[in-house]
Every structure is written in C-alpha cells, then in structure tokens.
Amino acid sequence: MNQKFFDIPKEKQDRIINAALQVFSQNGYRHAGTDEVVRRAGISKGLLFHYFESKLGLYIFLYDYAVRYMLLELAGGTEKNEKDLFALIRLIEEAAFRACRQYPYLKAFLDSAREEDCREAFQAVAEQKRRYEKRLEEILRQADTHLLRPRADLPRIMGIMDYTFRGLTRERCRQENFSPEELFGEIFSYLMLFERLFGS
C-alpha cells in the first residue's frame, strides 16, 4: 500500500474505506468489483490502484484497518473484571457499534471475511484474522460458566448467538436503506432474549 493514502483528507480516506467495506461485505472478495468501489467512492480507478496497487492490496489494507479499528474500540470498552457471558458479548457488540458509527459496514466486512471462499484473499489476512480472533477469545474466556443455567451447553449457546448475529448483519447490510442503529438495536434485543433463555 502507498502510505501517501494517509496524506489525503480524512473525509476522502473514509469515503474510499466505506465504499470498499460495503462492496466487499456485500459481494465477497471474488465478486467484489473495483469499478463499484470507485463509483461509490467518487474517485478514479487509477487513483485507487495508485494507493493500493491491486484489488488484493485493497482487501489486505481494509482487513488490517478494520481489525486495528475494532481492537482499539475493544481496548476502551471491555471490563477486565466482568464475568457474565452476556455482558461480555454486549461489550463486544457495543465496540462494534461504535466502530460502525464511523464505518457502517465494518462489522459486515469482518463477518464476511470469516466465510471468504477465495483462498488467496483468505490466506492474505490469516495472521491478522488470528490476532483478532485471539483477542475476542481472551475476552470471552473471562466468562464464568457457573452463571449460566444448569446443564447449559456453552458451545451451542455461542454458536446460536454467533449464527443469529451474523445472519442479521448479512441480511441488513444488503438493504438499500441499511442503518447500523437498526441492526444493533436488533442484535441487542436478541442478546437480551438469549440472556433470559440461558442466563441463571
């Protein structure tokens, strides 16, 4: 990546980042088109490739940027003494919500990258992906499973919540009038439901 990207006005940086986040999150790497990115960003294709060299270069930058942004939000929003699973998940989702106020498609992009079927793109971000997942695991490892209902199956509970939140994100981010506020409103309402079902 050309470091001069960070010399352009922040508004223009964010316009390019947001356009790319939307296109990649809605289409996946293989079907995401740089023509659509530049159209949404309002820049020339030559300028895009001047900064990122290639579609893969843009994707790698984007993933690295999204992970760094989320890790900063998580650093400021997680409570080290929290033991309640649902409170910890809420802290993670609140961090994602703060990130999405600046970059609406950031959560959808990170979710889509988990399911990326292009080997080249998947491998290119593997190290950052491990770093991000390790941090999430560290947060969730704080949870005291004794605070769940007796005989609660933690892996299945986590699977149900993950499947639900990713499904909501995938569905909502494809809507023309996508709103992070509405998405996270739904996520938090489902989280409360799961807490009532599985919490002690």
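Since we're looking at a predicted model, the values are computed, not measured.

Participant: Run through the overall build of the protein, naming residues and quoting values.
Facilitator: Across its full length, the protein carries ten helices and zero strands. In the protein, the succession of helices and strands from N to C terminus is α-α-α-α-α-α-α-α-α-α. The C-alpha radius of gyration of the protein comes to 18 Å, within 12% of the 16 Å expected for a compact globule of 200 residues. Counting only C-alpha atoms, the protein reaches 60 × 30 × 30 Å along its principal axes. Burial status across the protein gives 48% buried among its 200 residues. Partitioning the intrachain contacts of the protein with sequence separation of at least 6 by distance along the chain shows that 75% fall at a separation of at least 24.

Participant: Requested: an account of a nonpolar patch on the surface, with residues and values cited.
Facilitator: A cluster of nonpolar side chains, contributed by Tyr 190, Leu 193 and Leu 197, occupies part of the molecular surface with about 240 Å² of accessible area. By the secondary structure assignment, Tyr 190 is in helix 10 (residues 180–198).

Participant: Provide a residue-level description of the pattern of salt bridges, including the pertinent values.
Facilitator: Enumeration over the complete set of coordinates arrives at 20 salt bridges. The closest approach of N and O atoms between Glu 36 and Arg 39, which form a salt bridge, is 2.8 Å. One end of the pair, Glu 36, and the other, Arg 39, are both in helix 2 (residues 34–41), three residues apart, so they sit about a helical turn from each other. Put simply, Asp 64 and Arg 68 hold a salt bridge, and the shortest N to O gap is 2.8 Å. Pair noted here: Asp 64 and Arg 68 are both in helix 4 (residues 55–77), with a separation of four residues, about one helical turn. Classification of Arg 68 as partly exposed rests on a relative accessible area of 46%.

Participant: Before we move on, could you go through the UniProt feature "DNA-binding region" (unreviewed entry) in the protein and cite the residues and values that matter?
Facilitator: UniProt records the feature "DNA-binding region" (unreviewed entry) at residues 33–52, using the numbering of this structure. Regarding residues 33–52, the helix share stands at 80% and the strand share at 0%, and the terminal C-alpha atoms are separated by 14 Å.

Participant: Tell me about the packing of helix 5 (residues 85–102) against helix 10, and name the residues and values.
Facilitator: Two elements in contact, helix 5 and helix 10, have axes whose closest approach is 11 Å; the angle formed by their N-to-C orientations is 180 degrees. Comparing the axis directions of helix 5 and helix 10 gives the class roughly antiparallel. Of the residues in helix 10, those in contact with Phe 86, Ile 89, Arg 90, Glu 93, Glu 94, Ala 96, Phe 97 and Cys 100 of helix 5 are Pro 180, Glu 181, Phe 184, Ile 187, Phe 188, Leu 191, Met 192, Phe 194, Glu 195 and Phe 198. Its residues placed into classes, the contact of helix 5 with helix 10 shows 13 nonpolar, no polar and five charged.

What counts and what doesn't
Residues numbered from 1 in each chain as written. Predicted model: local features only at pLDDT ≥ 70, side-chain atom pairs only at ≥ 80, totals over all residues. Heavy atoms only, no water. Helix = DSSP H or I, 4+ residues; strand = E, 2+ residues; numbered from the N terminus. Rg over C-alpha atoms; globule rule 2.2 N^0.38 Å. Buried < 20%, exposed > 50% of the residue type's maximum accessible area, 1.4 Å probe, protein only. Contact = heavy atoms within 4.5 Å. Patch = residues over 30% accessible without salt bridge, like charges linked within 9 Å, V, L, I, M, F, W, Y side chains within 5 Å. Areas by Shrake-Rupley, 256 points an atom, 1.4 Å probe, with all protein chains shown as cover. Salt bridge = Lys/Arg side-chain N within 4 Å of Asp/Glu carboxyl O. UniProt positions renumbered as here; feature names shortened; annotations may be inferred. Axes fitted to C-alpha atoms, helices over the stretch in contact; angles between N-to-C directions. Parallel < 35°, antiparallel > 145°, perpendicular 65-115°, else oblique. Nonpolar A, V, L, I, M, F, W, Y, C, P; charged D, E, K, R; others polar.

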